[in-house]
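Single-letter residue listing:
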Amino acid sequence: MNTFLWVLQGFLAAMFLTAGTLKLTQARTKLESFMPWVKDFSTPVVRFVGLAEVLGAIGVVVPALVDKAVWLSPLAAAGLGLLMLLAAIFHFRKVEWSEATFNAVIVAIAAIVAIFRFGPNAF
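Residues numbered from 1 in each chain as written. Predicted model: local features only at pLDDT ≥ 70, side-chain atom pairs only at ≥ 80, totals over all residues. Heavy atoms only, no water.

### Here we look at the overall build of the protein chain
And then number 1: Along the backbone of the protein chain there are five helices and zero strands.
And then number 2: Traced from its N-terminal end to its C-terminal end, the protein chain shows the element sequence α-α-α-α-α.
And then number 3: Classification of the 123 residues of the protein chain by burial places 38% in the buried group.
And then number 4: Within the protein chain, residue pairs in contact and separated by at least 24 positions form 60% of the contacts whose partners lie at least 6 positions apart.
And then number 5: Approximately 6800 Å² of the protein chain is accessible, and the part contributed by carbon and sulfur atoms is 74%.
And then number 6: The centroid of the 9 positive side-chain charges in the protein chain is displaced by 4 Å from the centroid of its 6 negative side-chain charges. (Helix = DSSP H or I, 4+ residues; strand = E, 2+ residues; numbered from the N terminus. Buried < 20%, exposed > 50% of the residue type's maximum accessible area, 1.4 Å probe, protein only. Contact = heavy atoms within 4.5 Å. Areas by Shrake-Rupley, 256 points an atom, 1.4 Å probe, with all protein chains shown as cover. Lys, Arg positive; Asp, Glu negative; His and termini not counted. Charge placed at Lys NZ, Arg CZ, Asp CG, Glu CD.)

Below you can see the structure in the form of structure tokens.
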């Protein structure tokens, strides 16, 4: 189970590090071409979401890797899950089913990591 959770944590970290870095570094017009939701939010909000994703990606793996403040890893997973839950609600309200479904899957993955790392498979 520990290996399975590490794979999920690695997946979350890679996905959110990539997505967050794009939101922090790309021009708004470029982001709008492949992330249409960006049009509905101000640039500071998009950058804030990117920063939250990058910090969450770091937090989901680094504390456990260095064996310091390991409680931050499941907390980061919970935070990323909450971020994706809010994204799923946004896409659901805009009737964007594929995006909402993708977000819901990521919520489930983050919830599995958070639950198991807080509970039976804690570090």
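Here the narrative resumes, following the displayed structure.
### Observations concerning the nonpolar core
And then number 1: In terms of nonpolar packing, the biggest core is built from 19 residues, with Leu 12, Phe 16, Val 60, Met 84 and Ile 106 touching the most fellow members.
And then number 2: Breaking this core down by element, the ones donating at least two residues are α1 (2–25), α3 (43–66), α4 (72–93) and α5 (97–118).
And then number 3: Every residue in contact with Phe 16, bar those within four places of it in the chain, is listed here: Thr 21, Glu 53, Val 54, Ala 57, Leu 80, Met 84 and Ile 106.
And then number 4: Core analysis: the next-biggest nonpolar cluster, separate from the first, contains five residues, Leu 31, Met 35, Val 38 and Val 46 among them. (Core = buried A, V, L, I, M, F, W, Y, C linked by side-chain atoms within 4.5 Å.)

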